[in-house]
Amino acid sequence: MRLLLLSLLPFALAACASAPAAPSSPAHPATPAAAAAPAKPPKPVLLGPITREQVEAAVPDWVQAEVESAPDAAAVKALAAVPPGAEVTVYMGSWCGDSRREVSRLWRVLDEAGGSLPCTISYIGVDHDKKEPAALVAGSDLRYVPTFIVKRDGREVGRIVESSPHGVEQDLLALLSGSAHGQVTARTEKP
């Protein structure tokens, strides 16, 4: 029996040498760090009328974005004095980085303005395709998020689309005060 095992030893060694190496464990430097890290869970998709509190509870990193934003103090002060009566509807994605940046900055503006502006602001969460909730998206010509639609007397006077070129507080001030009309965006391509 011993002789049989010894005669098979060269074959066993050859098989081990040609077998693929076992994967490295996380303790070995050959393993990429990304492979060892768990995948991030997808961002929640909040749909329909939503509140700041709901978004902050569902996606806590938005709070950090609020803290990191630095709105223009003069624009914040001027926003608090715009003529009342406008309506601002913010279409946003709780899953969207652009929404996180722009809407969080708006929330910081609201905080610095004392909690509110002389207009009504409502938030509508949409899906990745910007088609749901269908009843609330219908007629908005929504292509990118966030989209801030400003209305006076029921008519749209302008909108900020996806990325505000001068800071959301300055661009919103321009639309609310009437010094700007139409689409305001930092997008380089036409929507």
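If you're wondering where the values come from, they're calculated on a predicted model, not measured in any experiment. (Residues numbered from 1 in each chain as written. Predicted model: local features only at pLDDT ≥ 70, side-chain atom pairs only at ≥ 80, totals over all residues. Heavy atoms only, no water.)

K.L.:
Run through the overall build of the protein chain, naming residues and quoting values.
P.N.:
Looking only at helices and strands, one finds 8 helices and 6 strands in the protein chain. Counting helices and strands in the order they occur from the N terminus, the protein chain gives α-α-β-α-α-α-β-α-β-α-β-β-α-β. Looking at the protein chain as a whole, 37% of its 191 residues are labelled buried. Per element, the accessible surface of the protein chain, about 11,100 Å² overall, is 60% carbon and sulfur. (Helix = DSSP H or I, 4+ residues; strand = E, 2+ residues; numbered from the N terminus. Buried < 20%, exposed > 50% of the residue type's maximum accessible area, 1.4 Å probe, protein only. Areas by Shrake-Rupley, 256 points an atom, 1.4 Å probe, with all protein chains shown as cover.)

K.L.:
So, the environment of Gln54: which residues are in play, and what are the values?
P.N.:
Here Gln54 is to be found in helix α3 (residues 52–58). As a C-alpha pair, Gln54 and Ser94 span 40 residues in sequence and 9.8 Å in three-dimensional space. Not counting chain neighbours up to four residues away, the residues in contact with Gln54 comprise Leu46 and Pro49. (Contact = heavy atoms within 4.5 Å.)

K.L.:
Residues and numbers for helix α4 (residues 61–68), please.
P.N.:
Of all the residues in α4, the buried ones are Trp62, Ala65 and Glu66. Summarising the axial view, the buried residues of α4 lie within an arc of 105°, below the 170-degree limit, and thus occupy one face. Among the exposed residues of α4, those pointing more than 90 degrees away from its buried face are Val67 and Glu68. Contacts from the buried residues of α4 go to α3, β2 (86–92) and α6 (97–112). (Arc of directions from axis to C-beta.)

Taken by themselves, the reported measurements are silent on function.
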